[in-house]
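# Architecture at a glance
One-letter residues, chain by chain:
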Amino acid sequence: MPELPQNGAYMVAAYIVTAVILMGYAVSLWMRSR
Amino acid sequence: MTPLPAAAPIIRYGRLLTVLGLLGMAVVYLLALRYTPVEARQGMAQKIFYVHAPAAWGALIAFVLVGVASILYLWLHDPRLDLFAEASAEVGLAFSAVMLTTGPIWGKPIWGTWWTWDARLTLTLFLFLLFLGYLTLRAAVREPVERARFSAVLGIMALVLVPFIHLSVYLFRTLHPQPILLKPSRPSLPPQMLRTLLTSMGVYTLLYLGFVTLRYGIGLRRAARLREVDDA
């Protein structure tokens, strides 16, 4: 059975980037809507 | 002059949908990390797919609806359609930012490069820049009717690009994977992966509705204030 590639750090980076963009945009909308 | 609906209830509704969408994203993260199996050849990096592909879905929906609202605006001259197009374009840009950052993060371990100028990636970048230009144009033109007309034309031109992006993997030689869901044959994914992908697409759709409702409410309130200033 082939060894699993060790690239979990890329997944963690992508999930953090996604959360930062979506949360950042949500906060921006929230501030503008006050 | 077309009367504008009250902004406050729309903003409240948008906030509720946005909170639900963000909670849904937390569920998607849990599903992707705990429920979905690790793909044997790509490893953990394959799980980037569950945030990347639905972001592309959300962005393309947003940009298609900008085009549709723009066509309807040029026909009906209803300022609410222009405000909706503006809101949808901004949300599309946010989703595109997710798509254009998570794509290269997946590409590096799988393709061995962050970026390649192939048809799918290049056209997607062009669409992102086009909508950046769309919002810049809106910020530059002060007269509301002129701004709505100019940006509607740009929104319709951008709509033409969307089918090329979807079909680019068939029309051109490209490194980008073929569609998994939006194709004539059955989805080519194991059931657990498919469920997580569909959940994520549903959550991005909910987030789109929340963001666009909230942004539309903000636009409505701004337009109403400008009318008050003009009337005074």
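Our subject in this report is the structure included herewith. Computed from a prediction, not measured in an experiment: that's the story for all the values here. (Residues numbered from 1 in each chain as written. Chains lettered and ligands numbered in written order. Predicted model: local features only at pLDDT ≥ 70, side-chain atom pairs only at ≥ 80, totals over all residues. Heavy atoms only, no water.)

## Some details on the overall build of chain B
We count it as follows: To qualify as a helix, a DSSP run of H or I must reach at least 4 residues; to qualify as a strand, a run of E must reach at least 2; elements of each kind are numbered from the N terminus. In this treatment the radius of gyration is a C-alpha quantity, and the globule benchmark scales as 2.2 Å times the residue count to the 0.38 power. Relative accessible area decides the class of each residue, using a 1.4 Å probe on protein chains only: under 20% of the type maximum gives buried, over 50% gives exposed, and in between gives partly exposed. Whether two residues touch is decided by their heavy atoms; if any such pair falls within 4.5 Å, the residues are in contact.
Check the secondary structure of chain B and you find 6 helices and 0 strands. Each helix (α) and strand (β) of chain B, taken in turn from the N terminus, gives the series α-α-α-α-α-α. In terms of overall size, chain B behaves like a compact globule, its C-alpha atoms giving a radius of gyration of 19 Å where 232 residues would be expected to give roughly 17 Å. Summarising its shape, the C-alpha atoms of chain B cover approximately 65 × 35 × 30 Å along the three principal directions. Within chain B, the fraction of its 232 residues that count as buried is 47%. Partitioning the contacts of chain B with sequence separation of at least 6, the portion at a separation of at least 24 is 76%.

## Examining the interface of chain A and chain B
Defined as follows: Reported buried area values correspond to the accessible surface (1.4 Å probe) lost by two parts on association, with both partners' losses combined. Definition used for salt bridges: Asp or Glu carboxyl oxygen within 4 Å of a side-chain nitrogen of Lys or Arg. Whenever two N or O atoms come within 3.5 Å, that pair is a polar contact, provided that in protein one can donate a hydrogen and the other can accept it, and provided that, for residues adjacent in sequence, both atoms are side-chain atoms. Gly counts as polar in this scheme, as do all residues outside two lists: the nonpolar Ala, Val, Leu, Ile, Met, Phe, Trp, Tyr, Cys and Pro, and the charged Asp, Glu, Lys and Arg.
Opposite the 22 residues of chain A that make contact, chain B presents 41 residues. Counting the surface lost from both chain A and chain B, the interface buries some 2,700 Å², and carbon and sulfur atoms represent 74% of this. Inspection of the chain A/chain B interface yields 1 salt bridge. At the junction of chain A with chain B, the criterion picks out 12 residue pairs in polar contact (both at pLDDT 80 or more). Here the side of chain A that touches chain B is composed, by residue class, of 16 nonpolar, 4 polar and 2 charged.

## Remarks on the pattern of salt bridges
As enumerated under the stated definition, the model contains 7 salt bridges over all chains in all. Across the pair B:Arg41 and B:Glu39 runs a salt bridge, and its minimum N-O distance is 3.9 Å. Residue classification places B:Arg41 among the exposed positions, given a relative accessible area of 73%. B:Arg80 is the salt-bridge partner of B:Asp78, the closest N and O atoms lying 2.7 Å from each other. Looking at B:Asp78, the relative accessible area reads 15%, which means it is buried. Judged by its relative accessible area of 33%, B:Arg80 is partly exposed. One salt-bridge network, held together by shared partners, links A:Arg32, B:Asp82, B:Glu86, B:Glu90, B:Arg138 and B:Arg215.

## Some remarks on a nonpolar patch on the surface
Heads up, the condition is: Each patch groups residues whose relative accessible area exceeds 30% and which form no salt bridge, using 9 Å between like charges and 5 Å between nonpolar side chains of Val, Leu, Ile, Met, Phe, Trp and Tyr. To be clear on the numbers: accessible area is Shrake-Rupley with a 1.4 Å probe, and residue cover counts the displayed protein chains and nothing else.
Taken together, the side chains of A:Trp30, B:Tyr13, B:Leu16, B:Val19, B:Leu20 and B:Leu23 define a hydrophobic patch exposed on the protein surface, amounting to about 580 Å² of accessible area. Broken down by element, the nonpolar patch gets its largest block of residues, 5 residues, from helix α1 (residues 7-35) of chain B. Along the chain, B:Tyr13 falls in helix α1.

## Examining helix α1 (residues 8-32) of chain A
Selection rule: For a helix, the expected span equals 1.5 Å multiplied by the residue count minus one.
Here α1(A) contains 25 residues, and its C-alpha end-to-end distance of 36 Å stays within 8% of the 36 Å for a straight helix at 1.5 Å per residue. For α1(A), every residue scored as buried is listed here: A:Met11, A:Ala14, A:Tyr15, A:Thr18, A:Leu22, A:Tyr25, A:Ala26 and A:Leu29. Those residues of α1(A) that are buried lie in contact with α1, α2 (49-76), α3 (79-111) and α6 (191-231) of chain B.

## Points about unusual backbone geometry
In this structure, B:His77 takes a positive phi of about 55° despite not being glycine. Residue placement: B:His77 occurs in the loop between α2 and α3.

## What to know about helix α4 (residues 119-140) of chain B
Since the α-helix advances by 3.6 residues per turn, residues separated by three or four positions end up pointing in the same direction. Over its 22 residues, α4(B) runs 31 Å from end to end, which matches the ideal 32 Å to within 8%, given 1.5 Å per residue. When we look at burial in α4(B), the residues that qualify are B:Ala119, B:Arg120, B:Leu121, B:Thr122, B:Leu123, B:Thr124, B:Leu127, B:Phe128, B:Phe131, B:Tyr134 and B:Arg138.

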